Each structure stands twice: as C-alpha cells, then as structure tokens.
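Residue-level structural notes
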Amino acid sequence: QLVQSGGGLVQTGESLRLSCEGSERTFSSYSMGWFRQTPGKEREFVALIGWRSTNTNYADSVKDRFTISRDNDKNTVYLQMNSLKPEDTAVYYCAAKYFSGSLDQSEYDYWGQGTQVTVSS
C-alpha cells in the first residue's frame, strides 16, 4: 500500500513537495516512480528512482526542475517540484515496481491514491 501526501494549489514559479509512504517491509527492494495525469490524457511518466537510489530518470518536461529522492528508513519517496508551471497541473501518482525501474506504468505493482497539484498562472 502506498499513501501519498502533499500537493495543493500554488502559483507559477512556486514549489511543492509530494511524499509517498509505503507499508511494505521490503520497500527498499522496490524502484519508485512518479506519474501524472490530466483529464482526457494518458497517464505520463514523470520521474523514477532505483531501489539503490543510485539511478534516477526524469521526463524531459520536468528535468532540472523536479527532483526525486527516497528515504528507505522511512519507507518514503519524495518528489520535490520547483519552478512549477501551469502545464504541471495534474493528478500525481506514485508507484512501486519490484527491483528494476521502468518508464512503462503497466509494469508497476502498486499505486498510490493520487494527489492533485494545481499551478495557477
């Protein structure tokens, strides 16, 4: 089970941090991803972090603005979002995939409940 927190309404250029806490005792064995979805569109990849935290990957649209990190002692993954833009408005989902990460959402085993991020212009 993944429980998300954070999100909300901010203005262009501001920052937000999303959190996603896992209940699985083997959390550290899972790669974690963040995806987002807007109405009428497919859910899209945002960022992922490997189970060892040594590798990360970002969508081009968020590179250099968003940072994914994890604290395995707290079973938590974070998405720090800086310099937010109106086009970042979406419902954000965290997801867990055993061992290796993937950009393909269909390969993920567990999903968070989703959290709304709204960026006003």
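The structure under discussion appears in the preceding block.
Definitions and cut-offs
Residues numbered from 1 in each chain as written. Predicted model: local features only at pLDDT ≥ 70, side-chain atom pairs only at ≥ 80, totals over all residues. Heavy atoms only, no water. Core = buried A, V, L, I, M, F, W, Y, C linked by side-chain atoms within 4.5 Å. Buried < 20%, exposed > 50% of the residue type's maximum accessible area, 1.4 Å probe, protein only. Contact = heavy atoms within 4.5 Å. Helix = DSSP H or I, 4+ residues; strand = E, 2+ residues; numbered from the N terminus. Pairing = 2+ DSSP bridges.

Ranked by size, the top nonpolar core spans 32 residues in total, and within it Met32, Trp34, Leu79, Met81 and Tyr92 carry the most contacts. Met81 has contacts with Glu14, Ser15, Leu16, Leu18, Arg65, Phe66, Tyr92 and Val117, leaving out every residue within four places of it along the chain.

So, about the pairing of strand 4 (residues 30-37). Among the 8 residues in strand 4, 7 count as buried, and that is most of the element. Two elements, strand 4 and strand 9 (residues 90-98), share 8 bridges in a ladder whose sense is antiparallel. Each bridged residue has a counterpart across the sheet, and for Phe35 the counterpart in strand 9 is Tyr93. As defined by bridge partners, strand 4 adjoins strand 5 (residues 44-49) across 5 bridges and the pair is classed as antiparallel. If you follow Phe35 over to strand 5, its bridge partner there is Phe45.

The quantities given are spatial measurements derived from coordinates; they are silent on function.
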